[in-house]
Amino acid sequence: MADSGLTAEQLPRLRAWLADQVTRGLESLPPEASPDTEAGRFFEEAVRQAGVSLTAGLQGQLQKEILDDVLGFGPIQALLDDPTVTEIMINGPHKVFVERGGQLSKTLVTFPDDASVLRLIDRIILPLGRRIDADTPTVDARLPDGSRVNAVIPPVALDGPGLTIRKFAKERLHITDLVRYGSLTEGMARFLEACVVARLNVLVSGGTGSGKTTLLNVLSEFIPENQRIVTIEDAAELQLDQDHLVRLETKPPNVEGTGEVPIRHLVRNALRMRPDRIIVGEVRGGEALDMLQAMNTGHDGSLTTIHANAPRDAVSRLETLVLLAGFELPLRVVREQIASAIDLIVQQTRLRDGSRKITSITEVIGMEGDTVVMSEIFRFKETAVGPDGKVIGETHPTGIRPMFGDRLVSAGFKLPAEIYGADTLTLRPPPRRHG
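A quick note: this is a predicted structure, and the numbers were derived from the prediction, not measured.

The next thing to look at is the overall build of the protein chain. In terms of helices and strands, the protein chain carries 14 helices and 15 strands. With the principal axes as the frame, the protein chain shows a C-alpha extent of 85 × 55 × 45 Å. Residues classed as buried in the protein chain amount to 48% of the 435 residues present. Residue pairs at least 24 apart in sequence account for 55% of intrachain contacts in the protein chain once pairs closer than 6 positions are excluded. Total accessible area on the protein chain stands at roughly 21,500 Å², and carbon and sulfur atoms take up 52% of it.

Let us now look at the environment of L200. Relative to the helices and strands, L200 resides in the loop between α7 (186-197) and β7 (202-206). Overall, L200 belongs to the buried group, its relative accessible area being 0%. Separated by 208 residues in sequence, L200 and L408 have C-alpha atoms that sit 9.2 Å apart. In contact with L200, other than residues within four places in its own chain, are C195, G301, S302, D343, F404, R407 and L408.

Taken as a whole and assessed by the stated rule, the structure comprises 3 aromatic pairs. Seen from the ring of F42, R41 lies directly overhead, with NZ or CZ sitting 4.8 Å from the centre.

As a further point, take the sheet that holds strand β6 (residues 162-166). Strand order in the open sheet formed by 6 strands is β3-β2-β1-β6-β5-β4, and the pairing between neighbours is antiparallel. One side of each edge strand has no neighbouring strand; the edge strands of this open sheet are β3 (103-106) and β4 (138-142). Direction aside, neighbouring strands of the sheet carry axes that sit 15° apart on average. Of the pairings in the sheet, the one linking strand β1 (residues 85-92) to β6 comprises 4 bridges and is antiparallel in character. What sits directly across from I90, in β6, is L163.

Between its first and last C-alpha, helix α3 (residues 56-71) extends 22 Å over 16 residues, near the 22 Å set by a 1.5 Å rise per residue. All of the buried residues along α3 are L58, L62, I66, L67 and D68. Elements that come into contact with the buried residues of α3 comprise α1 (10-27), α2 (35-50), α4 (77-81) and α5 (114-125).

Turning our eyes to something else, we now look at the sheet that holds strand β15 (residues 391-397). Spatial strand order, β9-β8-β10-β11-β7-β12-β13-β14-β15: 9 strands in an open sheet with mixed pairing. Either end of the sheet is taken by a strand with one partner, and the two such strands are β9 (245-249) and β15. Going across the sheet, the axis of each strand differs from the next one's by a mean of 25°, ignoring polarity. Sheet analysis places strand β12 (residues 344-350) next to strand β13 (residues 356-368), joined by 7 bridges and oriented antiparallel. Considered in β13, the bridge of V346 is made with I361. α7 contacts β10 (277-280), β11 (303-307), β12, β13, β14 (371-385) and β15 of the sheet and is inclined by roughly 45° relative to β13. Those strands touched by helix α12 (residues 331-341) are β13 and β14, and its axis lies near 120° from that of β13.

Next up on the list: the packing of α1 against α2. Orientation of α1 relative to α2, taken along the N-to-C sense of each, is 135°, at an axis distance of 9 Å. In terms of orientation, α1 lies oblique with respect to α2. Read as a crossing pair, α1 and α2 show a hand that is right-handed. Residues L14, W17, L18, Q21, V22, G25 and L26 of α1 touch α2, and the partners they reach there are P35, A39, F42, F43, A46, V47, Q49 and A50. Classifying every residue of the contact of α1 with α2 by side-chain character gives 12 nonpolar, 3 polar and no charged.

One recurring pattern in soluble globular proteins is that nonpolar side chains are buried together. Grouped together as the largest cluster of nonpolar side chains are 37 residues, with contacts concentrated most on F191, L192, L219, L344, I361 and L408. Those elements giving two or more residues to this core turn out to be α6 (175-181), α7, β7, α8 (212-220), β12, β13, β14 and α14 (417-420). Looking at this core, the element that brings in the most residues is α7, giving 7 residues. In contact with L192, other than residues within four places in its own chain, are L184, L219, L344, V346, I358 and I361. Formed by 36 residues, the second largest nonpolar core is a distinct cluster that contains M273, V280, A341 and M367.

Analysis parameters
Residues numbered from 1 in each chain as written. Predicted model: local features only at pLDDT ≥ 70, side-chain atom pairs only at ≥ 80, totals over all residues. Heavy atoms only, no water. Helix = DSSP H or I, 4+ residues; strand = E, 2+ residues; numbered from the N terminus. Buried < 20%, exposed > 50% of the residue type's maximum accessible area, 1.4 Å probe, protein only. Contact = heavy atoms within 4.5 Å. Areas by Shrake-Rupley, 256 points an atom, 1.4 Å probe, with all protein chains shown as cover. Phe/Tyr/Trp six-rings, centres within 6.5 Å; stacked < 30°, edge-to-face > 60°. Lys NZ or Arg CZ within 6 Å of the ring centre and 35° of its normal. Pairing = 2+ DSSP bridges. Axes fitted to C-alpha atoms, helices over the stretch in contact; angles between N-to-C directions. Expected span 1.5 Å × (residues − 1). Parallel < 35°, antiparallel > 145°, perpendicular 65-115°, else oblique. Left-handed = near helix turned anticlockwise from the far one by under 90°. Nonpolar A, V, L, I, M, F, W, Y, C, P; charged D, E, K, R; others polar. Core = buried A, V, L, I, M, F, W, Y, C linked by side-chain atoms within 4.5 Å.

These results come straight from atomic positions and should not be treated as a statement about function.
What follows is the structure in structure tokens.
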């Protein structure tokens, strides 16, 4: 800083003045002008007006910081621009973490104080028509590029305001990418393609950040172009390429606490839209019952996700969510609904090393007494942990053919026996389906 002729006290004042000049210049622009193009010119003009001699390095640093602040999201703009960062987590002004390659790390990014984090939250959510205050201290929102945002402030956030941004993937992944990354095998990929085309109802299960939405997105690419798709999400993240597509997104209540449009309402409305397929980004409440009823009444080939750590846990959680619908249904009836509606559970897992894999593909066969009967078709087994911390393991077919094999053949998929394992046998009784 000495070679710029500025003291440690003068530099913050200069930065604030330059930022103010750029802001004033942008506010005077006509509507047709581009702020991104003009901001740099305003900055250089302000430097000349200030009459200070700045090194090229310092001037470039100040310009980037100020333009990020004025046009973007301040200290975290560089993280948003970094393609290797998949998630940004602000736990306080001096605790900013990111996820890269499935691994969390603390960054050098800081904010002056809690008020600065609050200003950033307001800057993000106010243009999106959302609000956050002491009466509404949490908010979910979606940035224009599709990135998902969650913010929490006091009184519910005890240590100050927090912000989480799950970045939107600029390039959509395909099934070949997941095979290349080792998330599943080629045999599993062919099997899942057949299941989607054959209109099986698929439930993608997994924990937070395990890649459920990514997998749902990949599976949806197998839906034929001539079928009408209705997607329903809390915050729109799915990237479907089909033309015959209607995207629905929930609406939060307004400042008066009215006008909310929840997922359950959208699922019911979707049934009136003549959909061939319904895709619900995630079931997390009473809409689970509406989704199951849709699957049981002619909307085959529907897909959704649920938070659960194993296929059996997914069924248990689905039972709980159905009961939240407000109807006093006997547990056996709920289980019959699940067994009749869901054909396949795909378990997505984030392993200890940060990698994401499909660790199980399980068929829901039917009911045996009061129990939902399931059969695993593919299974991932961890064998070791490498010296670099990478989880080592293999995915194998279990040797059991699915009971819905005839549906795959009818859809044009006569999968070779090797996909299910050598010398595969079906050693189980016929399913007891209940509609």
